[in-house]
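Structural characterization, general
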Amino acid sequence: MTGFDLRLHPERLAVGLVPAHANIALTGGTAAIHGTLTTEAGRTVVFPYSLAEDAGPDIRVEGPFVALEVAGPLDFSLTGVLVGLLTPLADAGISVFTLSTFDTDWILVPADDAEAAAKALTAAGHSVRTEPGGTRAGGSQEPHHPTSDSAQHTEEQR
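These lines cover the structure that appears in this document, whether it is placed above or below.

Reading the values: rules and limits
- Residues numbered from 1 in each chain as written.
- Predicted model: local features only at pLDDT ≥ 70, side-chain atom pairs only at ≥ 80, totals over all residues.
- Heavy atoms only, no water.
- Helix = DSSP H or I, 4+ residues; strand = E, 2+ residues; numbered from the N terminus.
- Buried < 20%, exposed > 50% of the residue type's maximum accessible area, 1.4 Å probe, protein only.
- Contact = heavy atoms within 4.5 Å.
- Areas by Shrake-Rupley, 256 points an atom, 1.4 Å probe, with all protein chains shown as cover.
- Pairing = 2+ DSSP bridges.
- Salt bridge = Lys/Arg side-chain N within 4 Å of Asp/Glu carboxyl O.
- Core = buried A, V, L, I, M, F, W, Y, C linked by side-chain atoms within 4.5 Å.

**Considering the overall build of the protein**
Assigned secondary structure in the protein consists of three helices and seven strands. Each helix and strand of the protein, ordered N terminal to C terminal, gives the series β-β-β-β-α-β-β-α-β-α. Counting over 158 residues, the protein shows a buried share of 37%. In the protein, the proportion of contacts linking residues at least 24 apart, taken out of those at least 6 apart, comes to 63%. Looking at the protein as shown, the accessible area adds up to about 8900 Å², and 51% of this sits on carbon and sulfur atoms.

Listed below in structure tokens is the structure:
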């Protein structure tokens, strides 16, 4: 499998579980991804972390996270996309929350692990570009490409 291009979005996100009986909307902000998925257990909501304090005691909230967006659209016939992206993150000990849309896949990682996630994905042959408003190792917003020069540069930054 060839490497994927990913965009790291700087907005802080939360993931919440809204019980089936609760009628609360956690919307707002300008996050690149937000939404609701409903099951019998309740609604899982991805929303701006800035609203987490307003969620209330009935809502289980995790975060903050940042989102890695796989450059798409991805063809539905592709196989192994998530395993190719999640394996290096698991090997680095980084927990994830994944979402798929019609066009692409999204990986939410703990905000404190964003730099380590970018390094792990780059080492695995993917590239990670930080969206404006965020920073990456060294403060750069340029694409992080897996080349021998960038690997050497990464080693120098440690």
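**A closer look at the pairing of strand β1 (residues 5–19)**
Pairing of β1 with strand β7 (residues 127–130) involves four bridges; the strand directions are parallel. Across the sheet, residue L6 finds its bridge partner in β7, namely V128. Pairing of β1 with strand β4 (residues 60–70) involves eight bridges; the strand directions are antiparallel. Across the sheet, residue G16 finds its bridge partner in β4, namely V61. Where β1 meets strand β3 (residues 42–48), seven bridges bridge the pair, whose relative direction is antiparallel. Following the sheet pairing, G16 is matched in β3 by V45.

**A look at the pattern of salt bridges**
Tallied over the entire structure, the rule returns two salt bridges. With a closest N to O distance of 2.4 Å, R7 and E69 form a salt bridge. Residue R7 is found in strand β1, and its partner E69 is found in strand β4; the two are separated by 62 residues along the sequence. By relative accessible area, which is 27% here, R7 ends up partly exposed. Judged by relative accessible area, E69 falls into the buried class, the value being 11%.

**Structural notes on the pairing of strand β6 (residues 105–110)**
Among the six residues in β6, six count as buried, and that is most of the element. Pairing analysis gives five bridges linking β4 to β6, with the strands arranged antiparallel. Residue pairing across strands places F65 opposite P110, the latter belonging to β6. One ladder, built from four bridges, connects strand β5 (residues 97–100) with β6; its direction is antiparallel. Looking across to β6, one finds that F97 is bridged to L108. A loop of four residues connects β5 with β6, the two strands running antiparallel in sequence.

**Concerning helix α2 (residues 114–123)**
For α2, the set of buried residues is A114, A117, A118, A120, L121 and T122. Close packing links the buried residues of α2 with β1, β4, α1 (81–91), β6 and β7.

**Comments concerning the nonpolar core**
Among the nonpolar cores identified, the biggest contains 20 residues, and L6, L68, L85, L89 and V109 are the most heavily contacted of them. Among the elements that line this core, the one with the most residues is α2, at five residues. Other than its neighbours up to four places away in sequence, L6 contacts L68, E69, V70, A71, L85, L121, H126, S127, V128 and R129. Core analysis: the next-biggest nonpolar cluster, separate from the first, contains nine residues, V15, I33, V46 and F65 among them.

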